[in-house]
Amino acid sequence: MRKIKILGIAPYEGLKNVMDTIASQRTDIEMTTYHADLDYAPTLLSGLDLETYDAILSRGGTALTLKTLTTLPVFDMELSYYDVLNAITLAEGITNNFSIVCYPSIAVLAEQLGEILNHDLNILITYSWDDTVKHIDTLKKQGCELIIGDMSACRYAKECNIPNMLFNSGSATIKKTLDQIVDFSKYYLNYQIENRLVKTKMIERDEMYLIYDETGILTYSSIKAPSHFLTTETRKLIPDVKKYGHTVTIKNNKGSSYKLTGEKAVLSDIYYYYFFIEVNKKAELELTGSIIKSEPQKTSSQFFSFLYQHKAYNAIRRKIEDISKTNLPVFLEGEEGTGKDRLAQIIHNTSRLQSYPLFTINCESLTDNEVKELIGNTNSPFYNNDYTFYFKNCNYLSTTLIEQLITFISFTNMSRRNRLLLSWRIEDTESNTLSNREYLVNKLSCVHIILPNMSHFIDEIPKLVNIYISELNKTHGMQLAGIEPEALSLLQGYRWKNNLDQLKRVINEAFFGTHGTYIKTSLIADILRRESFSNRRFNTNSCNLDLSGSLKDITYNIILQVLQEENYNQSATATRLGISRTTLWRLLKQG
């Protein structure tokens, strides 16, 4: 018996990776997996030749939608009790004020677990996208702090700036469903009619195309209304494709250049001729490594989105909302790792130019030649309108480059035609560098925003860690349940020199170094010990106490130094300092 051909549609990337891994370990199936959420799945389905598959494997709301769009059997990877329990346990490590928004099949499991655990879970059942929107809008008004759900619920919660957590499917669930498909297909295949369509040749080609049958009749077009020019020129090429099997030619029409690529296919003993069409208009400047173009997007890291709702960002949020309808330049200043890039993305996403591209110019690697191309080449994006330009780490720009950019911006009215965002990393106190900062802010009349550092979020570290673990679970298809309380104490007591980026890097290393259910205290202690050693390598005076601060700061520095010398063993540190562990914990939190 031939292998069962399965179309896998995963609502998130982490699930796709797990599905691919499990499928590669089996010899009885051949699975092609795509990443498509509830909204994109119907579009994906319409572009595939479904008759080349025996069954579809998906999950939740996406599976329900697919059942209405195809006659192929659709199998739902229903969550297990363990999948639901894992999500609830992880959520309880973040907040008690959470709600579950899900389809009926998941709601049944959650309700039963709530009864077993004697938990009063707030479960809202959804049957459609409209239901999901209505439930989450209500939860937002009620002050809900976290939403657990499927991809559609998590996506809308993210749009509402509500932290969210996805129900992850475990490998056992996927294996069980694949077994069901194989058993079913043993009988189903006897009645299935195999019929391959020409459109299968187009699945992996992101181009316009026309398809003709062997009589020259246009049987399919990806263009809604192909022009007379295109149909005439491609039909002229059919004899060459018949003879040689392939042809390529360039045709010009009304100022545009068209590359026409023709190929031949034989399916079900019928010849088809298809032509891929590439249109070249005004050639844009080729972007180099220091310049990155980002297409409009709404996704953002839940890690930073959670912090963005913190009271330390209240004034910043109000300021961004006030300027969202303007083109005012914004100057973002903060220490390394405070999230300047993320905040720049948020400003772009909430501006009137959110549907236009965002260009990031990395000033740390920007060369004189790149600046000359951006300014002197009329095909440069600098000459377009309604774009957003993010000049990242302007503290690395020389005085000469800053003057060149300011002159160009003023001469071309660039800041009026587009939106300018600039970031400045606080690390250099040389007078000429500080004068450059003032020059930029004043010459461009920037709105000045200073980002808070990690010291403002020490009490939020437990929630941040669990949120990031949830993101890593989703991305990599794993199911870590959390982190040991003692490990959280160590993280809260650590002085984060590189702020959020450093915290994420530490948790990321601990996540992949964990082989059980929880991240161990010993692992966190070992990572922080190496972090401290790395910091001391670049700061030869780190062992000397700084007595210039307040008594509170001096006390904290003494405790931190002893803690590091004792390899982050809190009991040994408390004994050495002659205080209780409770007092040590209190002093670390106050620091």
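Look a little higher up for the structure.
First, a word on what this report is: a plain description of the structure on this page. Since the model is a prediction, treat every value here as computed from it, not as a measurement.

### Here we look at the overall build of the chain
Broken down by element type, the chain carries 23 helices and 21 strands. Relative to its full complement of 591 residues, the chain shows a buried share of 49%. When the accessible surface of the chain is totalled, it reaches about 29,200 Å², and 49% of it is carbon and sulfur.

### Regarding the pairing of strand β5 (residues 98–102)
Along β5, five of the five residues are buried, which leaves the element largely enclosed by surrounding structure. Side-chain alternation along β5 places F98, I100 and C102 on one buried face and S99 and V101 on a second face that is also buried. The handedness of the β5 to strand β6 (residues 123–125) crossover, carried by helix α5 (residues 104–117), is right-handed.

### Things to note about the environment of R586
Residue placement: R586 occurs in helix α23 (residues 581–590). Given the relative accessible area of 41%, R586 is considered partly exposed. When the C-alpha atoms of R586 and G493 are compared, they prove to be 9.8 Å apart, with 93 residues separating the residues in sequence.

### Thoughts on helix α12 (residues 340–349)
Counted residue by residue, α12 has eight buried out of ten residues, so it is predominantly covered. Buried residues of α12: K340, L343, A344, Q345, I346, I347, H348 and N349, and no others.

### Quick notes on the sheet that holds β5
Here we have four strands laid out as an open sheet, ordered β6-β5-β7-β8, and parallel in their pairing. Two strands bound the open sheet, and with one partner strand each, they are β6 and β8 (164–166). Neighbour-to-neighbour, the strand axes of this sheet turn through a mean angle of 25°, independent of strand direction. Examined bridge by bridge, strand β7 (residues 146–149) and β8 share three bridges and lie parallel to one another. The residue of β8 that forms the bridge with I147 is N164. Here α5 sits on the sheet in contact with β5 and β6, set at roughly 160° to β6. Against the sheet, helix α7 (residues 151–159) contacts β5, β7 and β8, and its axis sits at roughly 160° relative to β8.

### Looking at the sheet that holds strand β2 (residues 29–35)
Across the sheet, which stays open at both edges, the four strands sit in the order β2-β1-β3-β4 with parallel pairing between neighbours. The open sheet has two edge strands, β2 and β4 (74–76), and neither has a second partner. The mean angle between the axes of side-by-side strands here comes to 25°, regardless of whether they run parallel or antiparallel. Pairing of strand β1 (residues 4–10) with β2, which is carried by seven bridges, proceeds in the parallel orientation. Within the sheet, the bridge partner assigned to I9 lies in β2 and is Y34. Lying over the sheet, helix α1 (residues 13–24) contacts β1, β2 and β3 (55–58), oriented at roughly 170° with respect to β2. Across the sheet, helix α3 (residues 60–67) touches β1, β3 and β4, and the angle it forms with β4 is around 160°.

### Thoughts on the packing of aromatic side chains
Enumeration over the complete set of coordinates arrives at 20 aromatic pairs. Between Y212 and F275 the ring centres are 5.9 Å apart and the planes differ by 75°, which places this aromatic pair in the edge-to-face class. Placement of the pair is Y212 in strand β9 (residues 208–213) and F275 in strand β13 (residues 270–280), with a sequence separation of 63 residues. Its relative accessible area of 0% is what places Y212 among the buried residues. With a centroid separation of 5.8 Å and 80° between ring planes, the pair formed by F304 and Y313 is classed as edge-to-face. Its relative accessible area of 4% is what places F304 among the buried residues. These aromatic residues form a ring-pair network of at least three members: F359, F382, Y387, F389, F391 and F408.

Rules behind the numbers
Residues numbered from 1 in each chain as written. Predicted model: local features only at pLDDT ≥ 70, side-chain atom pairs only at ≥ 80, totals over all residues. Heavy atoms only, no water. Helix = DSSP H or I, 4+ residues; strand = E, 2+ residues; numbered from the N terminus. Buried < 20%, exposed > 50% of the residue type's maximum accessible area, 1.4 Å probe, protein only. Areas by Shrake-Rupley, 256 points an atom, 1.4 Å probe, with all protein chains shown as cover. Right-handed = clockwise from strand over helix to strand, strands pointing away. Pairing = 2+ DSSP bridges. Axes fitted to C-alpha atoms, helices over the stretch in contact; angles between N-to-C directions. Contact = heavy atoms within 4.5 Å. Phe/Tyr/Trp six-rings, centres within 6.5 Å; stacked < 30°, edge-to-face > 60°.

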